[in-house]
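This is what each chain is made of:
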Amino acid sequence: MALIIDGKKISTEIKEELREEVAALKEKGVEITLAVIQVGNDPASSIYVRNKKTACEYIGIKSLSYELPENTTEKELLDLIKELNANSKVNGILVQLPLPKHINEELVINTIDPSKDVDGFHPQSVGALSIGQKGFLSCTPAGIIQLLKRSGISIAGKECVVIGRSNIVGKPMALLMLREDATVTICHSKTKDLKEVAKRADILIVAIGKPKFISSEFVKEGAVVIDVGIHRDENNKLCGDVDYEDVLPKVSAITPVPGGVGPMTIAMLMYNCLQSAR
Ligand code: NAP
């Protein structure tokens, strides 16, 4: 029987640990503050922002909310970030992506003070990860490492294949698995014979952005499969990048969608806020 990796349970465990730590810091007079900026009112972004604020409330982190109109100029947004950079009471700054097309996302990310970059997207955070220095880790990949470790799945020496090389998931995921001593292969849209490469994996991490793309033909018997994708299928049901039902009989462990990787991202964001205060 495959182990169904319970992201909901593991993320709750982490949030409980963080809540206790925040309470202890509060007793010493330390308050943690996260600034959350949203530009425009994309419905999906609004849900993510609301969930982040709810998590802050639960853990005891103060959240400052900036809901800016769609026609906010790039300069106005950059000025707000600079003001928050200079505010010593603010520990973390989060700008909800994607931004409206007239705003340069890269410039926005680069303007956030690296010591407040709780999303882990700043080039300094990414650089620190790649050379093994301390820094903020991108939340989704960091959450996946926690899912594996807290499910008792060892990483060192394992063949890991990451499908996807985006800056926010695939690349930092591969670097983190390397840091955990896995032997890592990264696949992308130009990879030849994806099935054969994927079948080498003891741990297969899928962040391809295509619903139910990965069938059992891509999976080695007994592999661990981590599904990062989130989509709505033809029946409006949530599904991942992996064809869960098809793959399940072959794997030793798998993350479901929903309830796998998804809940971990916010838990790790909260972890980063605490790290910033520490
Ligand atoms: P992305 O930026 O679209 O990247 C997709 C990656 O998959 C690219 O590197 C692309 O290769 C590769 N790819 C596309 N088609 C391929 C194919 N046929 N064969 C091999 N590789 C292929 O997506 P992302 O931001 O990394 O997100 C991936 C998925 O995770 C999405 O479903 C997203 O919604 C989800 N997600 C979930 C969370 C969470 O908290 N659970 C967080 C972030 C993202 P190229 O580089 O060659 O184009």
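Please refer to the structure higher up on the page.
Residues numbered from 1 in each chain as written. Predicted model: local features only at pLDDT ≥ 70, side-chain atom pairs only at ≥ 80, totals over all residues. Heavy atoms only, no water.

**Student:** What is the right way to look at the overall build of the protein in this model?
**Tutor:** Check the secondary structure of the protein and you find 10 helices and 11 strands. Its C-alpha radius of gyration of 19 Å places the protein within 12% of the 19 Å reference for a compact globule of 278 residues. Projected onto its principal axes, the C-alpha coordinates of the protein cover approximately 50 × 45 × 40 Å. A total of 278 residues make up the protein; the buried ones form 48% of that total. Look at the contacts in the protein between residues 6 or more apart in sequence, and 70% of them connect residues 24 or more apart. Taking the 34 positively charged and 36 negatively charged side chains of the protein as two groups, their mean positions are separated by 2 Å. (Helix = DSSP H or I, 4+ residues; strand = E, 2+ residues; numbered from the N terminus. Rg over C-alpha atoms; globule rule 2.2 N^0.38 Å. Buried < 20%, exposed > 50% of the residue type's maximum accessible area, 1.4 Å probe, protein only. Contact = heavy atoms within 4.5 Å. Lys, Arg positive; Asp, Glu negative; His and termini not counted. Charge placed at Lys NZ, Arg CZ, Asp CG, Glu CD.)

**Student:** How should I be thinking about the layout of surface pockets in this particular structure?
**Tutor:** Here the idea is plain: a probe the size of a water molecule rolls over the atoms and shows the empty space left. Estimates place the volume of the second largest pocket at around 310 Å³. Forming the boundary of the second largest pocket are 16 residues, of which L137, Q146, R179, Y271 and Q275 lie nearest the centre. Listed by contribution, the elements that provide at least two residues to the lining of the second largest pocket are helix 6 (139-150), helix 7 (170-179) and helix 10 (262-277). (1 Å grid on protein atoms, 1.4 Å probe; cavity = no way out; pocket = protein on both sides within 12 Å on 5 of 7 lines; lining within 4 Å. Points joined across faces, edges and corners; volume = space filled by probe spheres on them.)

**Student:** Looking at this model, I keep getting lost on empty space enclosed by the protein. Mind explaining?
**Tutor:** In the structure shown here, the tally under the stated rule is 2 cavities of 30 Å³ or more. The space that makes up the largest cavity amounts to roughly 60 Å³. With 3 residues, the single largest contributor to the lining of the largest cavity is strand 4 (residues 92-95). A per-class count over the lining of the largest cavity returns 7 nonpolar, no polar and 2 charged. (Nonpolar A, V, L, I, M, F, W, Y, C, P; charged D, E, K, R; others polar.)

**Student:** Any chance you could explain helix 2 (residues 43-59) here in plain terms?
**Tutor:** For an α-helix the count is 3.6 residues per turn, leaving residues at separations of three or four pointing the same way. Between its first and last C-alpha, helix 2 extends 25 Å over 17 residues, near the 24 Å set by a 1.5 Å rise per residue. Where helix 2 is concerned, the buried positions are S45, V49, K52, K53, A55, C56 and I59. Projection of helix 2 onto a plane perpendicular to its axis shows the buried side chains occupying an angular sector of 160°, all on one side. What points out from helix 2, more than 90 degrees from its buried face, is the exposed set P43, R50 and E57. In this fold, the buried residues of helix 2 make contact with helix 1 (7-27), strand 2 (33-39), strand 3 (62-68), strand 4 and helix 10. (Expected span 1.5 Å × (residues − 1). Arc of directions from axis to C-beta.)

**Student:** For this particular structure, what's the right way to read the sheet that holds strand 1 (residues 3-4)?
**Tutor:** Sheet strands pair by backbone hydrogen bonding; their relative direction is either parallel or antiparallel. The strand order across the open sheet formed by 6 strands is 1-11-8-7-5-6, and the pairing between neighbours is parallel. The open sheet is flanked by strand 1 and strand 6 (183-187), the only strands paired with a single partner. (Pairing = 2+ DSSP bridges.)

**Student:** Quick question: what am I supposed to make of the side chain of D233 here?
**Tutor:** Its place among the elements puts D233 in the loop between strand 9 (231-232) and strand 10 (238-239). In this structure the side chain of D233 is engaged in a polar contact, spanning 2.8 Å, whose partner is the backbone nitrogen of N235. With residues near it in sequence (within four places) discarded, D233 still touches K212 and C239. (Polar contact = N/O pair within 3.5 Å; in protein donor to acceptor, adjacent residues only side chain to side chain.)

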